[in-house]
Amino acid sequence: MTWFYFKLAPGGSSAMFPIVNGLVHTIMYTYYILSTFDSVKPYLWWKKYVTTIQLIQFIILGLHFAVAALTPNCGYPRVLSLTGVAIAGMFFALFAAFYKETYTKQQLQKQQQQELLQNQPEQSTTTTTNHKSQ
């Protein structure tokens, strides 16, 4: 995408995406590298915030391209601005769904319930076996 944007419209507005995206990916890959070390894993409480930063990235990029699309005589190709808004919106929706599924209170409660249910069959099997033998 970056190459395509720079090929069609070299300059400032096209530079926004790689700058913001590069910063976010630096944070993200720092997290992933650190998560490979067992001694560091207990200190990696900020995974949720990496996703939050990614969501903020898509808001910033969407607004940036929306302003370019809505500004008369901007000089930046309108089709690229509208495409940028659409791409940022799509990625925001995907990451928001991931965030909701992974980090919301309801989802965390469901995960805890599933863990409890996984532990219960062992107990209920023992209870059923004991009950049948009586």
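Quick note: structure is the one above.
To keep things clear, this report deals only with the structure shown in the data block.

**Structural notes on the packing of helix 3 (residues 47–70) against helix 4 (residues 78–103)**
- For the pair helix 3 and helix 4, interaxial distance at closest approach is 8 Å and the crossing angle is 160°. It follows that helix 3 is roughly antiparallel to helix 4 by the angle criterion. Helix 4 is crossed by helix 3, and the crossing has left-handed handedness.
- In terms of residue class, the contact of helix 3 with helix 4 is made up of 19 nonpolar, six polar and three charged.

**Considering helix 3**
- Helix length check: helix 3 (24 residues) gives 35 Å between terminal C-alpha atoms against 34 Å at 1.5 Å per residue, within 8%.
- Every buried residue belonging to helix 3 is among Val50, Thr51, Gln54, Leu55, Gln57, Phe58, Leu61, Gly62, Phe65, Ala68 and Ala69, and all of these are buried.

**Remarks on the pattern of salt bridges**
- For the coordinates displayed, the defined rule picks out one salt bridge.
- Ionic pairing is found between lysine 41 and aspartate 38, a salt bridge with its closest N-O pair at 3.4 Å.
- What makes aspartate 38 exposed here is its relative accessible area of 60%.

Rules used throughout
Residues numbered from 1 in each chain as written. Predicted model: local features only at pLDDT ≥ 70, side-chain atom pairs only at ≥ 80, totals over all residues. Heavy atoms only, no water. Axes fitted to C-alpha atoms, helices over the stretch in contact; angles between N-to-C directions. Helix = DSSP H or I, 4+ residues; strand = E, 2+ residues; numbered from the N terminus. Parallel < 35°, antiparallel > 145°, perpendicular 65-115°, else oblique. Left-handed = near helix turned anticlockwise from the far one by under 90°. Nonpolar A, V, L, I, M, F, W, Y, C, P; charged D, E, K, R; others polar. Expected span 1.5 Å × (residues − 1). Buried < 20%, exposed > 50% of the residue type's maximum accessible area, 1.4 Å probe, protein only. Salt bridge = Lys/Arg side-chain N within 4 Å of Asp/Glu carboxyl O.

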